[in-house]
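# Coordinate inspection notes
The residues making up each chain are set out below.
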Amino acid sequence: STTSLLYCTYALAHQPYGTYIGSILSSHIIIMKFTSSCALSIALGVSSAINSSAFISSSLSPLKTTNHRVQQLIHAHAPDTAELEKSSWIKAFNMVDKDNSGFIDKQELKACLTALGQPNSDDDISRLLSPVGITLTDELKIDQESFLSIVGAGIDEELDNNQVLQMYHAIDIDASGYITAAELQHFLGNLGMFLDDQTMSGLMNMYDDDGNGRITFGEFRDIVIDLGFAVSPVLEEDIAQVEQNDDVDTTEILPTRAHEDDTPENKGKLLSLSSITDEDLREALAPFDVDGSGTIDLLKVRDAAEGKGPAKLHYSDDRPMVGLADYVKSVNHVAILVSDVSRSLKFYSQVMGFEQIRRPNFDAYGAWLTMGNCELHLIKGKPIVPEGDDLVVGHISIDSNNVIGALDKLQKMNVPFRKNSSVPAGADAGSMNTNANDDMMSDKIVTQFFVRDPDGYYIEVCNCDETLTKYCLGEKDALPGYEEGVKPFSFATASATISLMQRWVDKLDARKEQTKKLSEKVKKETDGSVEEIAKLLGYKPACEVDATILQTLKDRHSIYSDIWQNEEVDDIEGVLIAAGNDPKSAETIVKLRTEFNGRLICRPPVVFEADGTKYNPEPIVTDIGTLGLTQYI
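What counts, and at which threshold
- Residues numbered from 1 in each chain as written.
- Predicted model: local features only at pLDDT ≥ 70, side-chain atom pairs only at ≥ 80, totals over all residues.
- Heavy atoms only, no water.
- Buried < 20%, exposed > 50% of the residue type's maximum accessible area, 1.4 Å probe, protein only.
- Helix = DSSP H or I, 4+ residues; strand = E, 2+ residues; numbered from the N terminus.
- Arc of directions from axis to C-beta.
- Contact = heavy atoms within 4.5 Å.
- Polar contact = N/O pair within 3.5 Å; in protein donor to acceptor, adjacent residues only side chain to side chain.
- Disulfide = S-S within 2.5 Å.
- pLDDT = per-residue confidence, 0-100.
- Pairing = 2+ DSSP bridges.
- Patch = residues over 30% accessible without salt bridge, like charges linked within 9 Å, V, L, I, M, F, W, Y side chains within 5 Å.
- Areas by Shrake-Rupley, 256 points an atom, 1.4 Å probe, with all protein chains shown as cover.
- Salt bridge = Lys/Arg side-chain N within 4 Å of Asp/Glu carboxyl O.
- Lys, Arg positive; Asp, Glu negative; His and termini not counted.
- Charge placed at Lys NZ, Arg CZ, Asp CG, Glu CD.
- Axes fitted to C-alpha atoms, helices over the stretch in contact; angles between N-to-C directions.
- Parallel < 35°, antiparallel > 145°, perpendicular 65-115°, else oblique.
- Left-handed = near helix turned anticlockwise from the far one by under 90°.
- Nonpolar A, V, L, I, M, F, W, Y, C, P; charged D, E, K, R; others polar.
- 1 Å grid on protein atoms, 1.4 Å probe; cavity = no way out; pocket = protein on both sides within 12 Å on 5 of 7 lines; lining within 4 Å.
- Points joined across faces, edges and corners; volume = space filled by probe spheres on them.
- Expected span 1.5 Å × (residues − 1).

### Here we look at helix H18 (residues 341–351)
Inspection of H18 places Val341, Ser344, Leu345, Phe347 and Tyr348 among the buried residues, and these make up the whole buried set. All buried residues of H18 lie within an arc of 160 degrees about the axis, which places them on one face of the element. When the buried face of H18 is taken as reference, the exposed residues oriented beyond 90 degrees from it are Ser342, Lys346 and Gln350. Contact partners of the buried residues in H18: strand S7 (333–338), strand S8 (355–357), strand S9 (366–370), strand S10 (375–380), strand S13 (448–452) and strand S14 (458–462). A side-chain oxygen of the first residue of H18 lies 3.1 Å from the backbone nitrogen of Ser342; this N-cap is Asp340.

### Let's talk about the state of the cysteines
Overall, the coordinates contain 1 disulfide when judged by the stated rule. Disulfide pairing is shown between Cys462 and Cys464; the S-S distance is 2.2 Å. Note on the Cys462 and Cys464 pair: the S-S dihedral is about -125 degrees, so by sign convention the disulfide is left-handed. Under the relative-accessibility criterion, Cys462 is labelled buried at 0%. According to the relative accessible area criterion, Cys464 is buried, its value standing at 19%.

### Describing the confidence of the model for the protein
Mean pLDDT for the protein: 75, with 70% of residues reaching 70 or above. Every residue in residues 13–80 scores below 50 in pLDDT, and together they form 101 contacts with partners more than four places removed in sequence or on other chains. Throughout residues 246–268 the model reports pLDDT below 50, and contacts reaching past four residues in sequence, or to other chains, amount to 27 contacts.

### A short note on the pairing of S10
Across a regular strand the side chains alternate sides, sitting on one face of the sheet and then on the other. Inspection of the sheet shows S7 paired to S10 by 6 bridges, in the parallel sense. Across the sheet, Ile336 pairs through a bridge with Leu378, a residue of S10. Bridge count for S9 against S10 is 5 bridges, and the pairing is antiparallel. Directly across from Ala367, in S10, lies its bridge partner Leu378. Linking two consecutive strands that pair antiparallel, namely S9 and S10, is a turn of 4 residues; a positive phi of about 105 degrees is found at Gly372 within it.

### Here we look at a negative patch on the surface
A surface patch of negative charge is lined by Asp278, Glu279, Asp280 and Glu283. Here Glu279 is to be found in helix H16 (residues 279–285).

### Re the sheet that holds strand S16 (residues 607–609)
Taken in spatial order, the 6 strands make up an open sheet running S11-S14-S13-S12-S16-S17, and their pairing is mixed. Edge positions in the sheet fall to strand S11 (395–399) and strand S17 (614–615), since each has one partner strand and no second. With 5 bridges joining them, S13 and S14 adopt antiparallel strand pairing. Paired with Val451 across the bridge in S14 is Ile459.

### Section: the packing of helix H22 (residues 512–525) against helix H23 (residues 530–537)
How two helices sit against one another is set out by the angle between their axes and by the gap between those axes. Between H22 and H23, whose axes approach to 11 Å, the crossing angle comes to 125 degrees. The pairing of H22 with H23 is recorded here as oblique in orientation. In the packing of H22 onto H23, the handedness of the crossing is right-handed. Each of Leu518, Lys521, Val522 and Glu525 in H22 lies in contact with H23, whose residues at this interface are Glu532, Ile533, Leu536 and Leu537. The residue makeup of the contact of H22 with H23, split by class, is 5 nonpolar, no polar and 3 charged.

### Quick word on the pairing of S14
In terms of residue burial, S14 counts as a mostly covered element, since 5 of its 5 residues are buried. The alternating pattern of S14 places Tyr458, Glu460 and Cys462 on one face and Ile459 and Val461 on the opposite face, and all of these are buried.

### Considerations on empty space enclosed by the protein
In this approach the atoms are scanned with a rolling probe the size of a water molecule, which exposes any empty space left behind. Inspection of every chain in the model, using the stated rule, returns 1 cavity of 30 Å³ or more. Around the largest cavity sit Val96, Ile104, Leu109, Cys112, Leu128, Ile142, Phe147, Phe491, Ala494, Ser495 and Ile498, which together line it. Take the lining of the largest cavity: its biggest share by element is 4 residues, from helix H21 (residues 491–510). Considering only residue class, the lining of the largest cavity consists of 10 nonpolar, 1 polar and no charged.

### Quick word on H22
Given a rise of 1.5 Å per residue, 14 residues ought to cover 20 Å, and the 20 Å separating the end C-alpha atoms of H22 matches this to within 8%. Buried within H22 are the following residues: Gln514, Thr515, Leu518, Ser519 and Val522. Projected down its long axis, H22 carries its buried residues within an arc of 140 degrees, all on one side. Across from the buried face of H22, at angles greater than 90 degrees, the exposed residues are Lys517 and Lys524.

### Focus: the sheet that holds S9
Here we have 4 strands laid out as an open sheet, ordered S7-S10-S9-S8, and mixed in their pairing. Of all the strands in the sheet, just S7 and S8 have a single pairing partner and so form its edges. Strand-to-strand twist in this sheet, taken as the mean axis angle between neighbours without regard to direction, amounts to 30 degrees. Examined bridge by bridge, S8 and S9 share 3 bridges and lie antiparallel to one another.

### Observations regarding the packing of helix H11 (residues 161–171) against H21
Put simply, H11 and H21 touch, their axes get as near as 10 Å, and they point 60 degrees apart. Comparing their axes, H21 and H11 come out oblique. H21 is crossed by H11, and the crossing has right-handed handedness. Seen from H11, the contacting residues are Gln163, Gln166, Met167 and Ile171; seen from H21, they are Ala492, Thr493, Ala496, Thr497, Leu500 and Met501. A per-class count over the contact of H11 with H21 returns 6 nonpolar, 4 polar and no charged.

### Section: the environment of Glu375
By the element assignment, Glu375 lies in strand S10. Separated by 42 residues in sequence, Glu375 and His333 place their C-alpha atoms 4.3 Å apart. Excluding residues within four positions of it along the chain, Glu375 makes contact with Asn332, His333, Val334, Ile357, Trp368, Leu369 and Thr370.

Written out as structure tokens, the structure is:
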């Protein structure tokens, strides 16, 4: 009946862990007897059959007493929620137990805290363990049973908004006030969860309600609740303040953490460069100012003087030593295959200004040069150079302390160059299109120009160190938008954060088989058009387009490799209308169409020629093959 369908759709859309939809659909044909569009809507977890949330809410009360059979079906064949949650805690334990010993030791706990972006000194770990009755020793061993006992004590308790905000800020790597797919990928990678790009797209699309390709704090809070955590109520205006990154007093929510460099034990180790009166000495020590803060760590200067390490490495002192980390120290050289060694040597020595150095005599042709902190080796052979006319290419980047002067010199030498219009910035410029701009120059973002060597290899000349080093390597709480500071995680919050990530991925994986079948159905029963796919999915078209959402999706179309680049910008409106102005449903249509067409389209950013004119490169089209875009709708 319509009432049964309504309740089933509501229940499936509001289950906190939602991994058992497939078992219900496969075990009970009674649910599949509804119209195909409604059944598909349920399979996708989409309540498109009933577009009015108010109607669902007003109808819920009588449903609770009249649809006992539907409730029995759900609860009888759904995996036990407690078991699913316990599984995520076990996976969280295994994620920290890197050597699979069955215990979490001190070094593994330290590495975990580093991955979570948390302080990890012995004092920090002691503060973390003390509330749960564990004393830190070098022989620390926490077995799985003890771990589950510790986190289990808080499973039935609410996460307070302090904890949710801490989790959110940990993933918001650049303190911008929202989480991007790149930040989520960064965070998961630190935890050892290396997921492919399509999985990342699926994770974002699951909860990106407004379709802007970002996760706001309100959306993140919904994620935490949907994935099985109870969360204390919070006022909508408080959420808005977090998302707007306003200068608000949050001291009652999150006590401010003192900057690490201000602690007594670190005072005396840092020296301000401005306090050095000898100009030559100040210049000699400047490379030790890695984060651009204007200070240097005297201990690192001493270590360099004693030969313990190079003067300028980007490695964090507390990074986990995995793989070859204990055995590598820096990049020695980059080698490229060139068709004519002498011709390439002339370019790199006379145009780029690199110095040729001695080369062992082990074959007939070749040359070595130094690029300052790294060598370039020219090897006689068949060049492997990028194709196409865009600047989305592999390249060697050369940092300049006077990029304008470098460009002027290139022009005087009649060396052609091109400039990318979409470049990174030390702080987000606030635009949806990756800091794209219509100016040849900008003092707010990286200035990067590309020249090509005689074989076609790309060399970038940029002011990257000046613009990006402090942003990439500096303290997070020094970034714009991070004025409030963040209290370090408790043991419960750290564990909950890892468990949350695992539940998020598990929920997406649960959809994999269903969405694969849906893609096959689209290929068999439709012509791949927007209208037919929307009809198959049971979407009710909107009478008119939502202008705000439309602009958001058009902004995403300008981001290189975004899924929306698979549609022409003028066709986005039709997709959104067909999806009833729901951005997540609209993205589902685009992914199904992309896989139907068998190709993935990426549109490179506009390129500036040397004379300032703009050029639109041709799209990069890739055969999807077995990529499987829709396995993670």
